[in-house]
Amino acid sequence: MLNLRKAVGRILTTKTVVPRATPAARSFHSSRVVNAVAGKVDGTAAGGFGQYAVVDHTYDAIVVGAGGAGLRAVVGLTEKGFKTACITKLFPTRSHTVAAQGGVNAALGNMGEDDWRYHAYDTVKGSDWLGDQDAIHYMCKEAINTVIELDHYGVPFSRTKEGKIYQRAFGGQSTKYGEGGQAYRCAAAADRTGHAILHTLYGQALRHNCTFFVEYFALDLIMEDGVCRGVVALCLEDGTIHRFRSHQTILATGGYGRAYFSATSAHTCTGDGNAMVTRAGLPLQDLEFVQFHPTGIYGAGCLITEGARGEGGFLLNGNGERFMARYAPTAKDLASRDVVSRSITVEVREGRGCGPQKDHCLLDISHLGAETINERLPGIAETAAIFAGVDVTKQPIPILPTVHYNMGGIPTNYLGEALTVGKDGNPDTVVPGLMAAGEAACVPVHGANRPGPNSFPDIVVLRRPCANRAGDIPQPGPAPKPPPANARAAPLAHIHNPPHAHRPRRVAAVRLPMPRGIPP
């Protein structure tokens, strides 16, 4: 027995060195994921550049970002037979689309009378009359077929007793051009619609053999004579530099909500695609149009979906008063986001807020009952318990408006083609080889304000023509032109210079005061 104890002790105290897995042996998921440093599947060593290893890749199309917009573009391209790569700094199902709760606006008419024209009217009105009405027309008309397509892909939408897709009320929705009362237009999968759609689209992308480069950070566009030839990316696993050349590059990198101090966005929503476009000397559009969601959890900023009010929740001020009737007598708690956000802000500024500082309001859904909450708003109950410490079946949720969506971004037409000001002064000049999708793009269907569930029609409806247009330009097979010789110099300078620059101020010391200086 003593010898056995000694043997076990030696095993437990012996330091075992486990060899690190080589890049060729590592796989991020079950699709044809490549680590091109080892030359697996696709990737040609291009030698070094100074102290950095550089690897070249060639594809028909490249999608940067693996959220809802990126994956929908990927599915559309791979279905057409194009050799497609998706570059993402996160595992695809960790993209911020997974946090979307409410649903997809589409005039299916499953819960009552509706029409895509009513949807278009609400979208134009909700945009403060600044949305592109041609793009809005297309988006609202095609949203119906898109929801049916998602259903066929496998999205587990909630159902009515008749087996139809369940649709809930949502802020800013009406029938008969604002004169027919509340519309029930938001197709939902409980309160986890984003989670359901993202996982479904990811499964479709794997089905069609898209190549994913997971945890690769896109650094810069490869531009030559005004034409986009691809991107340069950094592999976060081993620090190697990768040049991707392609016929079409689609940026689906999300918004820039984390430029603000309080936001519902994930910490990864840092506007990377917008920055890449700016460094390439191309314009951005409508950056001042930033939407505040009226119901972020006070102190944490986590989103409480409008679906909570669509199911019957209501707002209270510090006096216990349902105050929205003062600001929106007809829609009340289901008014559009900008109206509700301003109303809450007015209540707080005029001293009718809640809490010791009178600096927030309350959202009450306790009257719905535990059964309804657990069936239709389970994620809300969980989020409120974790981040606000309240039991929503008994207590109201403390809320405050917080940055939620960026209407501005890379200017595009409704086909997804990036636009710039041409040499002739034409602001609708297409940038060859470059497209943008989702929150990174500015079509602009949202104008100055986005009606809640219109983000999904944006990312899935408008990405269909994006994929179709990208597929119309090249034919599968012909290799794109090689990138220019200096395609890696600028991105490598961005990596190399900051750590080796001897400056008195640290990056964090500059970063922290910046969002605090942006007024709400």
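Residues numbered from 1 in each chain as written. Predicted model: local features only at pLDDT ≥ 70, side-chain atom pairs only at ≥ 80, totals over all residues. Heavy atoms only, no water.

Taken together, three strands build an open sheet; the order of strands is S4-S6-S5 and the sheet is antiparallel. Both edges of this open sheet fall to strand S4 (104-105) and strand S5 (167-174), since each of them pairs with a single strand only. Docked against the sheet, helix H3 (residues 116-126) engages S4, S5 and strand S6 (182-187), running at close to 50° with respect to S5. (Pairing = 2+ DSSP bridges. Helix = DSSP H or I, 4+ residues; strand = E, 2+ residues; numbered from the N terminus. Contact = heavy atoms within 4.5 Å. Axes fitted to C-alpha atoms, helices over the stretch in contact; angles between N-to-C directions.)

Counting buried positions over the eleven residues of strand S10 (residues 241-251) gives nine, a clear majority of the element. Pairing between strand S2 (residues 52-64) and S10: ten bridges, direction parallel. Residue pairing across strands places His57 opposite Phe244, the latter belonging to S10. Bridge count between strand S9 (residues 227-235) and S10: five bridges; the pairing is antiparallel. Along S10, the bridge assignment pairs Leu234 with Ile241. Connecting S9 to the next strand, S10, in antiparallel fashion are five residues, including Gly239 with a positive phi near 80°. Where S10 meets strand S17 (residues 429-436), three bridges bridge the pair, whose relative direction is parallel. Bridge pairing in S17 places Leu251 opposite Ala436. (Buried < 20%, exposed > 50% of the residue type's maximum accessible area, 1.4 Å probe, protein only.)

Okay, the sheet that holds strand S11 (residues 290-297) next. Spatial ordering of the open sheet is given by S11-S14-S13-S12, a layout of four strands whose pairing is antiparallel. One side of each edge strand has no neighbouring strand; the edge strands of this open sheet are S11 and strand S12 (314-316). Taken pair by pair, the neighbouring strands of this sheet meet at an average axis angle of 45°, ignoring direction. Bridging between S11 and strand S14 (residues 397-406) involves six bridges; their strand directions are antiparallel. Of the residues in S14, the one forming a bridge with Ile297 is Ile399.

In this section: empty space enclosed by the protein. Evaluated as defined, the whole model comprises one cavity of 30 Å³ or more. If you add up the space inside the largest cavity, you get close to 50 Å³. Counting only elements with at least two residues in the lining of the largest cavity, the list comes to S14 and strand S18 (441-442). Residue classes in the lining of the largest cavity are distributed as seven nonpolar, three polar and two charged. (1 Å grid on protein atoms, 1.4 Å probe; cavity = no way out; pocket = protein on both sides within 12 Å on 5 of 7 lines; lining within 4 Å. Points joined across faces, edges and corners; volume = space filled by probe spheres on them. Nonpolar A, V, L, I, M, F, W, Y, C, P; charged D, E, K, R; others polar.)

Bringing the nonpolar core into the picture now. The tendency in soluble globular proteins is for nonpolar side chains to be buried as a group. With 53 residues, the main nonpolar core has Leu71, Leu77, Leu150, Phe212 and Ile250 as its most contacted residues. For this core, the elements supplying multiple residues, two or more each, are S2, helix H2 (68-79), H3, helix H4 (133-153), helix H5 (193-207), strand S7 (211-214), helix H12 (455-461) and helix H13 (463-472). When residues of this core are assigned to their parent elements, the largest contribution, eight residues, is made by H4. If we ignore the near neighbours within four places in the chain, the residues touching Leu71 are Ala66, Leu198, Leu201, Tyr202, Ala205 and Phe212. (Core = buried A, V, L, I, M, F, W, Y, C linked by side-chain atoms within 4.5 Å.)

Let's shift gears to the side chain of Asn449. Of note, Asn449 is situated in the loop between S18 and H12. A relative accessible area of 3% means that Asn449 is categorised as buried. Here the side chain of Asn449 touches Asp338 through a polar contact of 3.3 Å, side chain to side chain. In contact with Asn449, not counting residues within four places along its chain, are Gly126, Ser127, Gln291, Ser336, Arg337, Asp338 and Met407. (Polar contact = N/O pair within 3.5 Å; in protein donor to acceptor, adjacent residues only side chain to side chain.)

Another aspect to go through is the packing of aromatic side chains. On inspection of all chains with the given rule, the structure shows ten aromatic pairs. Measuring from ring centre to ring centre gives 5.7 Å for Phe91 and Tyr202, while their planes differ by 70°; the resulting arrangement is edge-to-face. Of the two residues, Phe91 sits in the loop between strand S3 (84-88) and S4 while Tyr202 sits in helix H5, which places them 111 residues apart along the sequence. When its relative accessible area of 24% is taken as the criterion, Phe91 is described as partly exposed. Take Tyr202: its relative accessible area is 9%, and that puts it in the buried class. Of the aromatic side chains, those joined through ring pairs into one cluster are Tyr59, Phe213, Tyr216 and Phe244. Cation over ring: Lys83 sits above Tyr59, and NZ or CZ is 5.0 Å from the ring centre. Across the ring face of Tyr405, the terminal group of Arg450 is positioned such that the distance to the ring centre comes to 4.0 Å. (Phe/Tyr/Trp six-rings, centres within 6.5 Å; stacked < 30°, edge-to-face > 60°. Lys NZ or Arg CZ within 6 Å of the ring centre and 35° of its normal.)

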